[in-house]
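Observations on the model geometry
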Amino acid sequence: MNVKDLQLKPFIKAALTDLNFKELTQIQQEVIPRALKKTDVIGQSQTGSGKTHAFLIPIFEALNVDEQKVQAVITTPTRELAEQIYQVALQIASFSASPISIVRYMGGMDKERSLAKLKTQPQIVIGTPGRIKDLAINERALLVHTAKVLVIDEADMTLEAGFLQDIDQIAGTMDKQLQMMVFSATIPVGLKPFLKKYMQQPEHIHISPRQQTAVKIEHLLYPTKHRPRIEVLKKILPVLNPYLAVIFANTKKSAAEIARALKAAGFNVGEIHGDLDPRKRRQVMNRIRHLEFQYIVATDIAARGIDIEGISHVINFELPSDLEFYIHRTGRTARGSFDGIAITLFDTKEEAALSQLEARGITFVYKELNKSGELVETNQRNRRVSRVKHENEIDKIAKAKVRKPKRVSPGYKKKMKAEMDHIRRQEKRKRR
């Protein structure tokens, strides 16, 4: 679908023309026509699919520029994402003949200054849930009850960051006929009760990750062999020598520790996670945008604010607990016309997770450093598949021989487990 096919206000079309915006992305094709009809929408798609314009275009189309009141509220879990959406909104608004008041509210901003400016209400509000709730619910200064549209961007990360309760309080003050648009990489179980509470027969649009991106990414596995992961990482980074690599950690603490160890080893590293204070985050993000680092250590939440095309490598220091995030992590590389490499450090305890990813169509290449310090392919995959099959067979034998007693007594599960472990050891000795 082409932008010309949409019935939009002239200033919106002018703004899109300025961006050389011609063809709509898949998520935009699916969301924009529905949103223009005031339909509630759940948009599920990967990072970089064009979600921001998918919800901003309908918001600007429905906006009454003559009404100086809050008409749309957009929440996002990180300051960096709020800033990105704000800049896109400003670009569209700049083509309007009538002024459009757009304000962002984030942690780290001067609260008193924000309160002083709220003598006049903005028309579009963009920000993090905690700060919007503070101004709207605690201070009763930001009058969000007049809003006709609520957008929750990166809803899965909003849930993970603990912001859903804040949004619940914000949404609770809004009109029952509120149009809600929710965008998320995944739809976790914990999000569903909230969606059911507020959304009126939403249309769920699920855009599968782009096949072209998957083809352009080489997925590598590097075995740690029970060695400290940080030591393995320090060993392979000089060999990879990426243009720009994002190293993913599962927690803020882990990200900070990885960054600290790599900096001490002399690597050019930036870190972005929730434990950085607002001023430091702004400094780091500015340096990231200017490509001042070769390596960026990030958590899943913080990485949503990094949107640049030059990422040549994605490194999973550990697999994400939710494997859906593997797709979204690796989608950071191979943007535009570039190829990319995703390398994952793994140990035997992660074999089940790797099998699940393989079942989703991901082909892994197993590599290790040889004696010359070169990264070479190994036959690790065949050994792993054989070992998994072997262990599965032993498990079946053990389960068949140990049955739950008809009359159970306290501690029977522990006794059954001990008996199964004993049989497993016997079977392994037989097969050696």
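It should be noted that the structure appears before, not after, this text.
Conventions and cut-offs
Residues numbered from 1 in each chain as written. Predicted model: local features only at pLDDT ≥ 70, side-chain atom pairs only at ≥ 80, totals over all residues. Heavy atoms only, no water. Pairing = 2+ DSSP bridges. Helix = DSSP H or I, 4+ residues; strand = E, 2+ residues; numbered from the N terminus. Axes fitted to C-alpha atoms, helices over the stretch in contact; angles between N-to-C directions. Salt bridge = Lys/Arg side-chain N within 4 Å of Asp/Glu carboxyl O. Buried < 20%, exposed > 50% of the residue type's maximum accessible area, 1.4 Å probe, protein only. Core = buried A, V, L, I, M, F, W, Y, C linked by side-chain atoms within 4.5 Å. Contact = heavy atoms within 4.5 Å. Expected span 1.5 Å × (residues − 1). Phe/Tyr/Trp six-rings, centres within 6.5 Å; stacked < 30°, edge-to-face > 60°.

Attention shifts here to the sheet that holds strand S10 (residues 269-272). Each strand in a sheet pairs with another by means of backbone hydrogen bonds, the pair being arranged parallel or else antiparallel. Ordered in space as S10-S11-S9-S12-S13-S8-S14-S15, the eight strands form an open sheet in which the pairing is mixed. Two strands bound the open sheet, and with one partner strand each, they are S10 and strand S15 (375-377). Pairs of neighbouring strands in the sheet enclose a mean axial angle of 30 degrees, with direction left out of account. Examined bridge by bridge, strand S8 (residues 217-223) and strand S14 (residues 364-369) share three bridges and lie parallel to one another. Its bridge partner being in S14, Leu-221 is matched across the sheet by Tyr-366.

Right, let's get into the pattern of salt bridges. Per the counting criterion, the structure on display carries 17 salt bridges. Linking Lys-69 and Glu-67 is a salt bridge whose minimum nitrogen-to-oxygen distance equals 3.6 Å. Taking the relative accessible area as the measure of exposure, Glu-67 reaches 33% and is therefore partly exposed. Taking the shortest distance from any N to any O, the salt bridge between Arg-329 and Asp-300 comes out at 3.0 Å. You can see Arg-329 sitting in helix H15 (residues 324-330) and its partner Asp-300 sitting in helix H14 (residues 300-303), a full 29 residues away along the chain. Comparing Arg-329 with Asp-300 shows no difference in burial state: the two are buried. One continuous salt-bridge network, built from bridges that share partners, spans Glu-30, Arg-34 and Glu-203.

In this section: the nonpolar core. Grouped together as the largest cluster of nonpolar side chains are 40 residues, with contacts concentrated most on Phe-60 and Met-181. For this core, the elements supplying multiple residues, two or more each, are helix H1 (10-18), helix H2 (26-36), helix H3 (51-62), strand S2 (72-75), helix H4 (79-93), strand S4 (124-127), strand S5 (149-152) and strand S6 (179-184). Here Met-181 is in contact with Val-31, Ala-35, Val-41, Phe-55, Ile-59, Val-149, Leu-150, Val-151 and Ile-152, once residues within four sequence places are set aside. Core analysis: the second largest hydrophobic core is formed by 31 residues, Val-73, Tyr-105, Leu-178 and Val-182 among them.

Attention shifts here to the sheet that holds S5. If you trace the seven strands from one edge of the open sheet to the other, you get S3-S4-S2-S5-S6-S1-S7, paired in parallel fashion. Two strands close off the open sheet at either side, each with one partner strand: strand S3 (102-105) and strand S7 (203-206). With direction set aside, neighbouring strand axes in the sheet form an average angle of 15 degrees. As judged from the four bridges shared by strand S1 (residues 41-44) and S7, these two strands associate in the parallel manner.

Bringing helix H12 (residues 252-264) into the picture now. Over its 13 residues, H12 extends 18 Å from the first C-alpha to the last, a length consistent with the 18 Å expected when each residue adds 1.5 Å. Residues of H12 that are buried: Ser-254, Ala-255, Ala-256, Ile-258, Ala-259 and Leu-262. Buried positions along H12 lie against helix H11 (229-240), strand S9 (245-248), S10 and strand S11 (295-298).

Let's shift gears to the packing of aromatic side chains. Enumeration according to the criterion identifies six aromatic pairs in this entry. On the numbers, 5.7 Å between centres and 85 degrees between planes, the contact of Phe-267 with Tyr-295 is edge-to-face. Remark: Tyr-295 occurs in strand S11 and Phe-267 occurs in the loop between H12 and S10; sequence separation between them is 28 residues. On the accessibility criterion, Tyr-295 (2% relative accessible area) is buried. Considering the side-chain rings of Tyr-326 and Phe-364, the 6.0 Å spacing of their centres and the 70 degrees angle between planes classify their relative orientation as edge-to-face. Taken together, the residues span a long stretch of sequence, with Tyr-326 in helix H15 and Phe-364 in strand S14 at a distance of 38 residues. By the burial criterion, Tyr-326 is buried, and Phe-364 matches it.

Everything listed is a geometric property; what it means functionally is a separate question.
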